[in-house]
Number of protein chains: 2
Amino acid sequence: MSVEEARALLRSARLARLGCVAGDEPYVVPVNYAFDDECAISHSLPGLKITAMRERPRVCLQVDAVKDQFNWKSVLAYGTFEEIVNTDERARALSLLLSLFPRLTPVETLIAEDANAPAPIVYRIRIDRVTGIREG
Amino acid sequence: MSVEEARALLRSARLARLGCVAGDEPYVVPVNYAFDDECAISHSLPGLKITAMRERPRVCLQVDAVKDQFNWKSVLAYGTFEEIVNTDERARALSLLLSLFPRLTPVETLIAEDANAPAPIVYRIRIDRVTGIREG
């Protein structure tokens, strides 16, 4: 698969599997994201993946389109985790995410209604390498 | 999600994302597998994931059922990579895989027709910890 085709899948997809290393073990979890051609942007509550990425910022995003066992493509984007803490940047990132994922999830709704809930972490993964494989 | 529900998804699914560590980076790739309640069994040509798992046998399998942003579940099964080299065990594992995935993929067909092609590696991941999260 060409790098262009791989990047196109990365741009069009909204759901990726984030791979990171937690302790000595790999950790993989589905995430929604936006890709602006340099970075994947996402957000999360504090938790295992945030702790893992803060400790070991080299991560990957795997995105695929699987029709069946014989027709599939998979893209792997490697990059570095960066927390977005600057107020303006954070607002822009959240606004981009909100434009793609306009509804709050039930968990986020609970948080929005609870002033004591932890603030979500907004982060980017600065992509520096993209590879793709396909069959069919 | 209960451990029983997580294990049920692991049993019923056929496609997982395998997470391993290659060098200092996480590596994630889709794999077809069979789960016999103790181990996930799969096979692969020699390549990056096999090299990575031989060097760092702690891996994970992530399996999910995503309806939409608000209705999804994801299971993470941690385990240890073991290559199946014993002739009888290898035959049993391949027979199980063939019963679930009866057709050869185009790549495998090419290999079957080429006596000089490398032999596929048959392996199990001995699962020792299963966690699950869900929304909706």
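Preceding block: the structure.
Residue positions are given per chain, counting from 1 as you read along its sequence in written order. Chain A is the first chain written and ligand 1 is the first ligand written, with later ones labelled in order. The model is predicted, so local features are restricted to residues of pLDDT at least 70 and side-chain atom pairs to those at 80 or more, both for listing and for counting; the totals for chains, interfaces and linings are taken over all residues. Derived side-chain values reflect all non-hydrogen atoms in the structure, with water molecules and hydrogen atoms excluded from consideration.

## Description of the environment of A:Val122
Residues and elements named next belong to chain A. In DSSP terms, a helix is any run of H or I states spanning at least four residues, a strand is any run of E spanning at least two, and both are numbered starting from the N terminus. By secondary structure assignment, the location of Val-122 is in strand E7 (residues 121-135). Exposure is judged per residue with a 1.4 Å probe applied to protein chains only, and the accessible area is read against the type maximum: over 50% gives exposed, under 20% gives buried, and values in between give partly exposed. Under the relative-accessibility criterion, Val-122 is labelled buried at 1%. Each C-alpha atom, one on Val-122 and one on Leu-97, is 9.9 Å from the other, the two residues being 25 residues apart in sequence. Should any heavy atoms of two residues lie within 4.5 Å, those residues are counted as being in contact. Apart from residues no more than four positions distant in its own chain, Val-122 is found in contact with Ser-42, His-43, Glu-83, Ile-84, Arg-90, Ala-93 and Leu-94.

## Some thoughts on unusual backbone geometry
The bulk of non-glycine residues show a negative phi, and the bulk of peptide bonds are trans. Residues and elements named next belong to chain A. Despite not being glycine, Asp-37 has its phi angle at roughly 85 degrees, a positive value. With respect to the helices and strands, Asp-37 occurs in the loop between strand E3 (34-35) and strand E4 (39-44). Given a relative accessible area of 36%, Asp-37 falls into the partly exposed group.

## Some remarks on the pairing of strand E4 (residues 39-44) of chain B
Residues and elements named next belong to chain B. Most of E4 sits out of view: 5 of its 6 residues are buried. Whether two strands pair depends on DSSP finding at least two bridges between them. With 2 bridges connecting them, strand E3 (residues 34-35) and E4 associate as antiparallel partners. Paired with Ala-34 across the two strands is Ile-41, which belongs to E4. Remark: 3 residues form the turn of the hairpin made by E3 and E4, two consecutive strands paired antiparallel; Asp-37 in that turn has positive phi of roughly 85 degrees.

## Focus on the sheet that holds strand E1 (residues 15-22) of chain B
Residues and elements named next belong to chain B. In space, the 7 strands of this open sheet follow the order E2-E1-E5-E6-E7-E4-E3, with antiparallel pairing throughout. Lying at the two open borders of the sheet, with one neighbouring strand each, are strand E2 (25-32) and E3. As defined by bridge partners, strand E5 (residues 58-68) adjoins strand E6 (residues 71-83) across 10 bridges and the pair is classed as antiparallel. Bridge pairing links Cys-60 to Tyr-78 in E6. Against the sheet, helix H3 (residues 87-100) touches E3, E4 and strand E7 (121-135), its axis set at about 90 degrees to E4. Note on geometry: axes are C-alpha line fits, over the in-contact stretch for helices, and angles between N-to-C directions span 0 to 180 degrees.

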